[in-house]
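# Per-entry structural report
The primary structure of each chain is shown beneath.
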Amino acid sequence: MAAHMQSFGLVGGPSPQVIDPAEGERRLRGRQAGINAVLAYGNGRSYGDSCLNGLGTLIDMRSRSQIIDFDPQSGLLKAEAGAMLSDIIALVGPQGFFPPVVPGTRFITLGGAIANDVHGKNHHRRGTFGGHVESLTLLRSDGVYYRCSPTQNVELFRATIGGLGLTGLILSAEVRMMKVASTDVDERVSRFRDLAEYFDIAQAADDENEYAVAWIDQLASGRSAGRGLLIAGNHATGREPVKGRGLPFRPLVPFRPPFSVIGRPFLRLFNGAYYWRKGASPDPHRASADTFFFPLDGVSHWNRLYGPRGLFQHQSVIPTEAARTAVAELLRVARDAGEGSFLTVLKRFGEMTSPGLLSFPRPGYTLTLDFPNRGEKTLSLLRELDHVTMAAGGAVNPYKDARMSAKVFAASFPGWQQLEARRDPAFVSDFWRRTAMRLPTSTSPVLMAG
Ligand SMILES: Cc1cc2nc3c(=O)[nH]c(=O)nc-3n(C[C@H](O)[C@H](O)[C@H](O)COP(=O)(O)OP(=O)(O)OC[C@H]3O[C@@H](n4cnc5c(N)ncnc54)[C@H](O)[C@@H]3O)c2cc1C
């Protein structure tokens, strides 16, 4: 089995011990897993270290990838936890369905989508992925298979959605797909001059569109500070598919260059060009699902461009009433630190609540920034971003993060102890060791040691 599994940010230490699902199941069923021993690994698309277990063993779920059943009448899909979102889309798309929630990459597993309760560009309409899960089967280290749903083993169900993989091994799940006339999207791109203009139009864009997200030219300063593009759309109504399906050829970044290619001069050029080029035609046009939802999937291993030290992603959510000031402040802090973020995305989260205990989305605005890892300089910037987020009453996303402090985690998720209480004693991650287990009220024996 391949060793040295890593997260997408390439920052955390690799997890060298890896077993397959059959061996994982055998150990759990036989109650032989041990304390703080294992963690499921989906496809490693989390940027941070929540999918890593450097001191223990990873159960690589990718070989459990069968789609067991799909009912084109009801839209109910049943699949093993290692099933890839890309395969699910390939199956249900031609039958007039689409996953109700998709993140910015289709290369994630069903188990990973549930454990992180992922969100997409339509949070304002559909909430999070977990809201569409009808049931799941979970194997815990007591050797018992639990069927969990909104009516059965409810507490375990709620803890597993957004539970960061800590409640046990998800083996399979049933998820309700969304009926669509076409998987293509009628996309409309419009420019906004500054953040104030974005905040003026964001809610209306959500009201009118299934999907809406903003891209920010993060390095623009002065009067252009906060300018960007609002990218919105609805599923196309005609069945006629868009010409050129999007991303058939996937160039590959074959190796990690010795330094980050994503530097400030590159970003200045890229951002400026993107702003003027992409925003040049405000008329609606049809985009394939691949180009609308997953443009980054077009280049394999693009994270390698960040060089040997990898990248950090900082995703915050700021309550609505504080957002105008705090989002501007977050952008200013990043700019003043001399750091350019390749992908700066701003999105309004709606009011829909998730069934998950530790779900990240909450009403407000979420800002995502990517930075090459330049050591202490970057860490210091990230701490400052945390500080602005905390002062505004916001939260930092745990599965995008490979360095947030225990204190910031606890402030972001005051209910974390409820997850700790339902955590399977055999399951732990590098993230949990680094955060929850260092908090004074944790009951874990590792806390005392660490
Ligand atoms: C380009 C890109 C864009 C992205 N855009 C978004 C976005 O828009 N919105 C968003 O929410 N996220 C986004 N993400 C993050 C990504 O969607 C999530 O991190 C996702 O959960 C990764 O799934 P994975 O299958 O790779 O799981 P991993 O990253 O391998 O694991 C994620 C978590 O799931 C747990 N897990 C995995 N399988 C199981 C299982 N069978 N049983 C129990 N626990 C399990 C792991 O232990 C871990 O805690 C993006 C990532 C990338 C690379």
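Notes on the structure in this doc start here. Sequence positions are assigned chain by chain, starting from 1 and proceeding in written order. Given that the model is predicted, a residue must reach a pLDDT of at least 70 before its local features are reported, and side-chain atom pairs must reach 80 or more before they are shown or counted; all residues, however, enter totals for whole chains, interfaces and linings. As a rule here, side-chain values cover all heavy atoms of the structure and leave hydrogens and water aside.

### Description of the overall build of the protein
- Numbered from the N terminus, helices here are DSSP runs of H or I no shorter than four residues, and strands are runs of E no shorter than two. Scanning the protein from N- to C-terminus turns up 14 helices and 18 strands.
- Dimensions of the protein, computed from the C-alpha atoms along their principal axes, are close to 60 × 50 × 45 Å.
- Here the protein holds 450 residues, and 60% of them are scored as buried.
- Within the protein, residue pairs in contact and separated by at least 24 positions form 75% of the contacts whose partners lie at least 6 positions apart. Three exposure classes are used, based on accessible area relative to the maximum for each residue type with a 1.4 Å probe and protein chains only: buried under 20%, partly exposed in between, and exposed over 50%. The contact rule is simple, with two residues in contact once any of their heavy atoms fall within 4.5 Å.

### So, the sheet that holds strand β3 (residues 57-60)
- Any two strands between which DSSP finds at least two bridges are classified as paired. Within the open sheet, the three strands sit side by side as β1-β3-β2. Their pairing is parallel. Edge positions in the open sheet fall to β1 (17-19) and β2 (38-41), since each of these has one partner strand only. Strand-to-strand twist in this sheet, taken as the mean axis angle between neighbours without regard to direction, amounts to 35°.
- The sheet contact formed by β2 and β3 spans four bridges and is parallel. Comment: axis = line fitted to C-alpha atoms, over the contacting stretch for helices; angle = value between 0 and 180 degrees taken between N-to-C directions.

### Notes on the site of the ligand
- A40, G42, S46, T109 and Y399 are the nearest of the 34 residues found near the ligand.
- Definition of a polar contact: a pair of N or O atoms within 3.5 Å, with one able to donate and the other able to accept a hydrogen when the atoms are protein atoms, and with sequence-neighbouring residues admitted only if both atoms are side-chain atoms. At 2.7 Å from an oxygen atom of the ligand is found a main-chain nitrogen or oxygen belonging to G42.
- The separation between an oxygen atom of the ligand and a polar main-chain atom of S50 is 3.0 Å.
- Taken together, the elements giving at least two residues each to the shell around the ligand come down to β2, α3 (110-115) and β9 (169-176).
- Each residue receives one of three labels: charged for Asp, Glu, Lys and Arg, nonpolar for Ala, Val, Leu, Ile, Met, Phe, Trp, Tyr, Cys and Pro, and polar for the others, Gly being one of them. Tallied by class, residues from the shell around the ligand come to 18 nonpolar, 14 polar and two charged. For each residue, the test is whether any non-hydrogen atom lies within 4 Å of the molecule or strand; if one does, the residue is near.

### Overview of the sheet that holds strand β4 (residues 67-71)
- Read from one edge to the other, the open sheet built from five strands follows the order β4-β5-β9-β7-β8, with strand pairing classed as antiparallel. In the strand order of this sheet, the two ends are held by β4 and β8 (145-148), each with one partner. In this sheet, neighbouring strand axes are inclined to one another by 10° on average, regardless of whether the strands run parallel or antiparallel.
- Two elements, strand β5 (residues 76-80) and β9, share five bridges in a ladder whose sense is antiparallel. Paired with E80 across the two strands is S172, which belongs to β9.
- Contacts from helix α2 (residues 85-92) reach β4 and β5, with the element oriented near 35° to β4.

### Comments concerning the nonpolar core
- Nonpolar cores are built from buried Ala, Val, Leu, Ile, Met, Phe, Trp, Tyr and Cys residues. Side-chain atoms within 4.5 Å join them into one set. With 88 residues, the main nonpolar core has I114, F129, L136, F293, F409 and W432 as its most contacted residues.
- Among the elements that make up this core, the one with the highest residue count is β9 (five residues).
- When near neighbours in sequence (up to four residues on either side) are disregarded, F129 contacts V101, L110, A113, I114, D117, V118 and V175.
- F192, A322, L330 and L381 belong to the second-largest nonpolar core, a separate cluster that totals 32 residues.

### Quick look at the packing of aromatic side chains
- In this scheme Phe, Tyr and Trp rings, the latter by its six-membered ring, pair at centre separations within 6.5 Å, and the angle between planes marks the pair as stacked below 30 degrees, edge-to-face above 60, and tilted otherwise. Per the counting criterion, the structure on display carries 18 aromatic pairs.
- Both rings, one in F8 and one in Y47, keep their centres 5.2 Å apart while their planes meet at 75°; by these two values the pair is edge-to-face. Placement of F8 in the segment before β1 and of Y47 in the loop between β2 and β3 is noted, with a sequence separation of 39 residues between them.
- Owing to a relative accessible area of 10%, F8 belongs among the buried residues under this scheme.
- With relative accessibility at 11%, the residue Y47 sits in the buried group.
- Ring geometry for Y198 and F199: centres 5.3 Å apart, planes at 70°, overall edge-to-face. Like F199, Y198 is buried.
- An aromatic cluster is built from F98, Y211, F292, F293 and F294, whose rings are joined through pairwise contacts.
- The ring of F292 has K121 lying over it, and the distance from NZ or CZ to the ring centre is 5.5 Å.
- For a ring to carry a charge above it, either NZ of a lysine or CZ of an arginine must fall within 6 Å of the ring centroid while also lying within 35 degrees of the normal to the ring plane. The ring of F97 carries K179 above its face, with NZ or CZ at 4.6 Å from the centroid.

### Side note on the environment of R31
- By the element assignment, R31 lies in the loop between α1 (21-29) and β2.
- Once the C-alpha coordinates of R31 and D142 are considered, the two residues, 111 residues apart in sequence, prove to be 5.7 Å apart.
- If sequence neighbours within four positions are ignored, R31 has contacts with S141, D142 and G143.

### Structural notes on the side chain of D386
- Looking at where D386 falls in the secondary structure, it is placed in helix α10 (residues 376-391).
- In this structure the side chain of D386 is engaged in a polar contact, spanning 2.8 Å, whose partner is the side chain of R403.
- Once residues lying within four places of it in the same chain are set aside, the contact partners of D386 are H314, V396, R403, M404 and V408.

### Some words on unusual backbone geometry
- Of note in this structure, N153 is not a glycine but carries a positive phi near 45°.
- Here N153 shows up in the loop between β8 and α5 (154-160).
- Of note, the phi angle at L164 is positive, near 55°, even though the residue is not glycine.
- Looking at the element boundaries, L164 is found in the loop between α5 and β9.
- The class of L164 is buried, set by a relative accessible area of 5%.

### Quick notes on the packing of helix α9 (residues 320-336) against α10
- Taken N-terminus to C-terminus, the directions of α9 and α10 make an angle of 170°; their axes are 10 Å apart at the nearest point. As far as their axial angle goes, α10 and α9 are roughly antiparallel. Seen from above, α9 lies across α10 with right-handed handedness. Here α9 contributes A326, E329, L330, V333 and A334 to the contact with α10, which in turn contributes L381, E384, L385, V388 and T389. For classification, angles of less than 35 degrees are called roughly parallel, those exceeding 145 degrees roughly antiparallel, those between 65 and 115 degrees roughly perpendicular, and all remaining angles oblique. Here a crossing is called left-handed whenever its near helix is offset anticlockwise from the far helix by less than a right angle, and right-handed whenever the offset is clockwise.

### Section: α9
- Residue count minus one, scaled by 1.5 Å, sets the expected span of a helix. Taking 1.5 Å per residue, 17 residues should reach 24 Å; α9 reaches 24 Å between its end C-alpha atoms and fits that length.
- At A326, α9 shows its strongest bend, of approximately 35°.
- Looking one or two places after α9, you find G338, whose phi comes out positive at around 75°. Consider a residue and the seven residues that end there alongside the seven that start there; fitting an axis to each set, the bend is the angle between those axes.

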